[in-house]
Amino acid sequence: MAQTRVLVEFGMGTSLRRRDYTEAAKRAIRDALWHNSVNVAELFDFPKDAMQIRAEVGVQDPDAVDRDALLEIFPYGQPEIHVTKGGLDITKEGGSQTVIANAAIIVSFDMEPV
């Protein structure tokens, strides 16, 4: 069977004071998930565990992200986490930084082509 993409959602998350890349990434993933109100698995009559979920997250320091903490966000499905350089760090007066993360959530299923 071919993997068929059925949904893509985008989100943004921040860490305003602590420069916490993992927390900004978590917030970006949650933001993307909360945009989606479609019950995709039920729509295609698949079990929720059949969802293949690819989460792509962009932050300025990808090595600072705890990927295992991001996996814990997903209650079902087969999530994969990919963190790349992206997002934005904004230096504030006094030297602290605000971290902005961007996320894309891509949901696919193994399906017969129509």
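Basis of the calculations
Residues numbered from 1 in each chain as written. Predicted model: local features only at pLDDT ≥ 70, side-chain atom pairs only at ≥ 80, totals over all residues. Heavy atoms only, no water. Helix = DSSP H or I, 4+ residues; strand = E, 2+ residues; numbered from the N terminus. Buried < 20%, exposed > 50% of the residue type's maximum accessible area, 1.4 Å probe, protein only. Contact = heavy atoms within 4.5 Å. Phe/Tyr/Trp six-rings, centres within 6.5 Å; stacked < 30°, edge-to-face > 60°. Polar contact = N/O pair within 3.5 Å; in protein donor to acceptor, adjacent residues only side chain to side chain. Pairing = 2+ DSSP bridges.

Student: I'd love a proper account of the overall build of the protein chain, names of residues and values included.
Tutor: Within the protein chain one finds three helices and five strands. Listing the helices and strands of the protein chain from first to last along the sequence gives β-α-α-β-α-β-β-β. In terms of overall dimensions, the protein chain has C-alpha extents of about 55 × 25 × 20 Å along its principal axes. Residues counted as buried form 39% of the 114 residues belonging to the protein chain. Taking the intrachain contacts of the protein chain between residues at least 6 apart in sequence as the baseline, contacts between residues at least 24 apart amount to 77%.

Student: Describe in detail the packing of aromatic side chains, supporting the description with residues and values.
Tutor: Enumeration over the complete set of coordinates arrives at one aromatic pair. Arranged with centres 4.8 Å apart and planes meeting at 25 degrees, the rings of F46 and F109 form a pair that is stacked. Separated by 63 residues along the polypeptide, F46 in the loop between α2 (40-43) and β2 (52-59) and F109 in strand β5 (residues 97-111) bring together distant segments of the chain. You can call F109 buried: its relative accessible area is 1%.

Student: I'd like to hear about unusual backbone geometry, residue by residue, with values.
Tutor: A positive phi angle, near 55 degrees, is found at R19, a position not held by glycine. Positionally, R19 belongs in the loop between β1 (2-15) and α1 (21-35). Owing to a relative accessible area of 46%, R19 belongs among the partly exposed residues under this scheme.

Student: Outline the side chain of Q97, supporting the account with residue identities and numerical values.
Tutor: Mapped onto the elements of the fold, Q97 is located in strand β5. At 2.5 Å, the side chain of Q97 forms a polar contact with the side chain of R19. Only 3.3 Å separates the side chain of Q97 from the side chain of T91, close enough to count as a polar contact. Every residue in contact with Q97, bar those within four places of it in the chain, is listed here: S15, L16, R17, R19, Y21, D89, I90, T91 and K92.

Student: Hey, could you go over the pairing of strand β4 (residues 88-91) for me, with residue numbers and the actual values?
Tutor: Sheet topology places β4 next to β5; four bridges connect them, and they run antiparallel. Bridge pairing in β5 links D89 to V99. The turn linking β4 back onto β5 is made up of five residues, and G94 within it adopts a positive phi angle of 95 degrees.

Student: Residues and numbers for the environment of H82, please.
Tutor: Tracing the chain through its elements places H82 in strand β3 (residues 78-85). On a C-alpha basis, the gap between H82 and G11 in space is 15 Å, while along the polypeptide they are 71 residues apart. H82 has contacts with R54, A55, E56 and V57, leaving out every residue within four places of it along the chain. At a separation of 2.9 Å, a polar atom in the side chain of H82 contacts the side chain of R54.

Everything listed is a geometric property; what it means functionally is a separate question.
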